[in-house]
Amino acid sequence: MMHPRPSPIAASLYTLRDLNADVIVMHGPHGCCFRTGRLLESDGVRVVTTAMAENDFILGAGEKLEETLQEAYDTFHPKLMGIVGTCASMIIGEDLKEPIANLGLDCVILPVESHGGFGEGDNTEGAIAVLNAAVEYGVIPQEEADRQNEMLRLATEVEKTRGMAQGKYIKPNFGDNKEKVARIVVKAIKEGKKVAFVLNAKKETSYLFADILNCDFSKLVDGADSNRDIENLRFIANLDENIGLPRIRQHAVNITKELGETGIDIACITGGLDEYPVTPRKAEEYLKEWEPDLVIVAGVPHALYVEELDCETIAVTDGPRLVQPLNELGYSHVIAELDAHSKTLGVDEIVDSDFGMMIRSAIEWELEED
């Protein structure tokens with residue numbers, strides 16, 4: 001493994017967030033997963049810490065965990081809380097369930113035994129630990145946990161076979177010139193070529209990648225009042241509103257509604273926002289049947305088998321280290337969006353993307369040149 005990867009601890013925190021946890025108690029030193037904890041505050045999740053110190057590594061910190069749980073309960077009045085273990089608390093064998101039983105607080109508390117090292121494995125192991133706890137404490141059914149676990153396994157497989165977790169060093173690359181590629185998109189639509197936008201996004205980052213679809217291309221086509229009137233323009237997206245954990249389903253509802261208000265209908269719903277490892281299969285079927293001239297894939301483009309498409313293709317990713325693998329997979333052009341996660345935490349509507357704004361500028365330039 002040549003690149004740092006997200007830890008199981010961070011994956012646990014994000015999965016608790018997707019379950020709509022009100023409070024998360026980090027049982028470890030005060031600096032553990034500091035950035036992730038602070039970012040999640042923007043999503044309405046209160047993240048606190050037991051702030052384990054040197055003596056706690058020797059004598060244990062069960063009493064400190066109880067005190068933190070009680071204070072968090074009294075302060076925030078949560079309905080759902082999570083306790084996330086860290087390297088420090090897990091390596092000394094801290095019992096996360098005993099404080100829950102001792103306190104008897106009037107809320108659901110999920111103990112998550114996850115830490116960032118010592119053979120813990122892929123970051124998805126942290127998410128799986130949360131899902132298993134959620135089943136044990138009656139928050140989600142076993143069927144949903146099984147589906148989620150399968151998606152996590154497949155996501156890991158995609159990253160290891162087609163993404164940046166292949167084991168070799170990959171130099172960061174910020175992709176092709178956005179203005180040049182935006183002009184390619186605009187020119188294709190203006191000339192009446194068959195153009196397909198594929199949203200294959202991961203959870204909340206869909207708010208940024210959906211912006212690339214959310215452009216008014218009707219300005220380029222005579223007689224068109226909205227994107228709905230453009231015969232050779234299609235939108236494909238993993239925006240099934242009935243699949244996923246509560247917060248994820250709401251993202252799909254929000255984005256679909258906003259796209260519809262701006263004149264965009266989804267021709268093909270490929271699945272849910274947590275199914276991005278497999279939703280490209282349905283997208284590929286649609287594309288092969290429709291035979292487009294240009295395809296733009298935004299979000300997790302490396303999950304789509306671009307090598308099976310016979311047309312010009314554009315990938316839009318949020319990882320500078322994914323640019324090289326995407327080029328090697330066969331994409332004609334690759335665009336890198338930066339800070340997708342931080343830009344989409346705490347939002348409930350589509351946010352501006354660099355490439356989306358460049359496309360809108362390219363539309364105006366094209367009109368001025370005419």
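What you see is a predicted model, and the numbers here were worked out from it, not measured in a lab.

Peer 1: I'd like a rundown of the sheet that holds strand β4 (residues 108-112), residues and numbers included.
Peer 2: Where strands meet in a sheet, backbone hydrogen bonds hold them as pairs that are either parallel or antiparallel. With parallel pairing, the four strands of this open sheet are ordered in space as β2-β1-β3-β4. Here the strands that pair on one side only, and so sit at the sheet edges, are β2 (46-49) and β4. Across the sheet, the mean angle separating the axes of adjacent strands is 20 degrees when strand polarity is ignored.

Peer 1: Lay out the packing of aromatic side chains with the relevant residues and their values.
Peer 2: Considering all chains together, one arrives at two aromatic pairs under this definition. One aromatic cluster in this structure is built from Phe 197, Phe 217 and Phe 235. Over the ring of Tyr 305 we find Arg 281; its NZ or CZ atom is 3.8 Å from the centre of that ring.

Peer 1: Before we move on, can you summarise a negative patch on the surface with the specific residues and values?
Peer 2: A surface patch of negative charge is lined by Glu 63, Glu 67, Glu 71 and Asp 74. Relative to the assigned elements, Glu 71 resides in helix α4 (residues 62-76).

Peer 1: Which residues make up the sheet that holds strand β8 (residues 294-299), and what are the values?
Peer 2: Read from one edge of the open sheet, six strands run β7-β6-β5-β8-β9-β10, paired in parallel fashion. Two strands bound the open sheet, and with one partner strand each, they are β7 (268-269) and β10 (333-336). Pairing of strand β5 (residues 195-200) with β8 involves six bridges; the strand directions are parallel. Within β8, the residue paired with Asn 200 across the bridge is Gly 299. Contacts from helix α9 (residues 178-190) reach β5, β6 (233-237), β8, β9 (312-317) and β10 within the one sheet, and its direction differs from that of β10 by about 120 degrees.

About the cut-offs
Residues numbered from 1 in each chain as written. Predicted model: local features only at pLDDT ≥ 70, side-chain atom pairs only at ≥ 80, totals over all residues. Heavy atoms only, no water. Pairing = 2+ DSSP bridges. Helix = DSSP H or I, 4+ residues; strand = E, 2+ residues; numbered from the N terminus. Axes fitted to C-alpha atoms, helices over the stretch in contact; angles between N-to-C directions. Phe/Tyr/Trp six-rings, centres within 6.5 Å; stacked < 30°, edge-to-face > 60°. Lys NZ or Arg CZ within 6 Å of the ring centre and 35° of its normal. Patch = residues over 30% accessible without salt bridge, like charges linked within 9 Å, V, L, I, M, F, W, Y side chains within 5 Å. Areas by Shrake-Rupley, 256 points an atom, 1.4 Å probe, with all protein chains shown as cover. Salt bridge = Lys/Arg side-chain N within 4 Å of Asp/Glu carboxyl O. Lys, Arg positive; Asp, Glu negative; His and termini not counted. Charge placed at Lys NZ, Arg CZ, Asp CG, Glu CD. Contact = heavy atoms within 4.5 Å.

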